[in-house]
Amino acid sequence: MHNEKTKKSKNILSIALASLIVLSSISAAVMSGCGESSESTNETKTVNETELVTVVVDGTYATDANGNTVSAENTGSQTSSNGNSSEKNENSSSQKTNNSGSSSATSSSGGNSNNSASSNSGNSNNSNGNNSSSANNSNNSSSSANSSSSSNTHKPVTDSNACNLDGHKFAVGDTVTCVYKLYAPETLENYQAYITYDTKYLSVKSAKLDGPAKSGGLLNYNLNGKIKFNGSNISSGYDYTDTDSFVIVNYEIKAAGSTTPKFIWEVATGESKKAYVEDNKAVNGLKITKEYS
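Below you will find a few notes about this structure. (Residues numbered from 1 in each chain as written. Predicted model: local features only at pLDDT ≥ 70, side-chain atom pairs only at ≥ 80, totals over all residues. Heavy atoms only, no water.)

**Some details on the overall build of the protein**
Reasoning step 1: Helices and strands together make up the secondary structure of the protein, namely 3 helices and 13 strands.
Reasoning step 2: Relative to its 293 residues, the protein shows a buried fraction of 21%.
Reasoning step 3: Within the protein, contacts between residues at least 6 apart in sequence are counted, and of these 72% link residues at least 24 apart.
Reasoning step 4: For the protein, the computed accessible surface area is about 19200 Å², with 52% contributed by carbon and sulfur atoms. (Helix = DSSP H or I, 4+ residues; strand = E, 2+ residues; numbered from the N terminus. Buried < 20%, exposed > 50% of the residue type's maximum accessible area, 1.4 Å probe, protein only. Contact = heavy atoms within 4.5 Å. Areas by Shrake-Rupley, 256 points an atom, 1.4 Å probe, with all protein chains shown as cover.)

Structural data, given as structure tokens:
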């Protein structure tokens, strides 16, 4: 009985060992297979990368810009075209040489160009002189134009068309300029006045402040039969200690008869705060004079 048990245990051990050997051999085969597949995969990847590089190189050097295969004949034509281009380069170089020669010729004639430049500069100086003289002439003509505009041309006066304007006779249709001049014993700080006229005989074509009164002054003549104006200048004032132009009015004679515009003061104050107007009249040496033309 003991021997039978011993035999059974030995059989079991031998079976277990055999099964272990089989399992180990199977696992070894599996492991070796995995290693071979990985190596073959790596080798395949290497081959694929080499093929890709080969395709790129062939695409770059074996085809032209349009994707057509370049043959030996095409390369020959390219070579001939390169020869033509070299000839063109030689021609261009010769042209450059000729141009350089011509440039040297022009440089040799630099003295003439300098002479012409100097002569042109002389002409430009003369032209500047002419321009300055023409500018002076234009200034003179503009001043004469201003003087001619101030001197109005009048029609012949007859009994039927005569208008007595403030003691001066003019014809109906005439434009008459009246310059109101001002004298003040001291520099004025402000002023305010107006002119009235009879719209039956006169109409106002234009009116403006003149002389020192233009600084900080306002005038409105678009009123029916009245021209209003005023000004205030505390910083420098209005210096009329020498008689100067104050207001200029252009009247148009509308009808025959007799009329006199009236100058009416409202305010005139000196820098000393002295008043030069009382009851709408000039006092203390303030004076208005009129000139008709």
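Let us keep going from here.
**What about a nonpolar patch on the surface?**
Reasoning step 1: A contiguous nonpolar surface patch, about 520 Å² in accessible area, is contributed by L17, L20, I21, L23 and I26.
Reasoning step 2: Relative to the assigned elements, L23 resides in helix α1 (residues 2-61).
Reasoning step 3: Here L23 falls in the exposed class, since its relative accessible area comes to 54%. (Patch = residues over 30% accessible without salt bridge, like charges linked within 9 Å, V, L, I, M, F, W, Y side chains within 5 Å. Salt bridge = Lys/Arg side-chain N within 4 Å of Asp/Glu carboxyl O.)

**Describing the nonpolar core**
Reasoning step 1: Counting 35 residues, the largest nonpolar core has I195, F229, F246, V249, Y251, W265 and L286 as its most contacted members.
Reasoning step 2: At the level of elements, β1 (162-165), β3 (175-183), β4 (188-196), β5 (202-209), β7 (226-232), β8 (244-253) and β10 (262-270) are the ones that each hand at least two residues to this core.
Reasoning step 3: The leading source of residues in this core is β8, at 5 residues.
Reasoning step 4: In contact with V249, other than residues within four places in its own chain, are V176, T177, C178, Y180, I195, V204, S206, A207 and I227. (Core = buried A, V, L, I, M, F, W, Y, C linked by side-chain atoms within 4.5 Å.)

**Details of the pairing of strand β2 (residues 168-171)**
Reasoning step 1: Alignment of β1 against β2, held across 4 bridges, turns out to be antiparallel. Paired with A162 across the bridge in β2 is A171.
Reasoning step 2: Hairpin connection between β1 and β2: a loop of 2 residues separates the two successive antiparallel strands, and D166 in this loop has a positive phi of roughly 55 degrees. (Pairing = 2+ DSSP bridges.)

**Here's the deal with the environment of G217**
Reasoning step 1: Note on placement: G217 falls in strand β6 (residues 217-223).
Reasoning step 2: Along the sequence, G217 and Y191 sit 26 residues apart, while their C-alpha atoms lie 8.9 Å from each other.
Reasoning step 3: Contact partners of G217, with chain neighbours within four places excluded, come to Y191, L209, N230, G231 and Y238.

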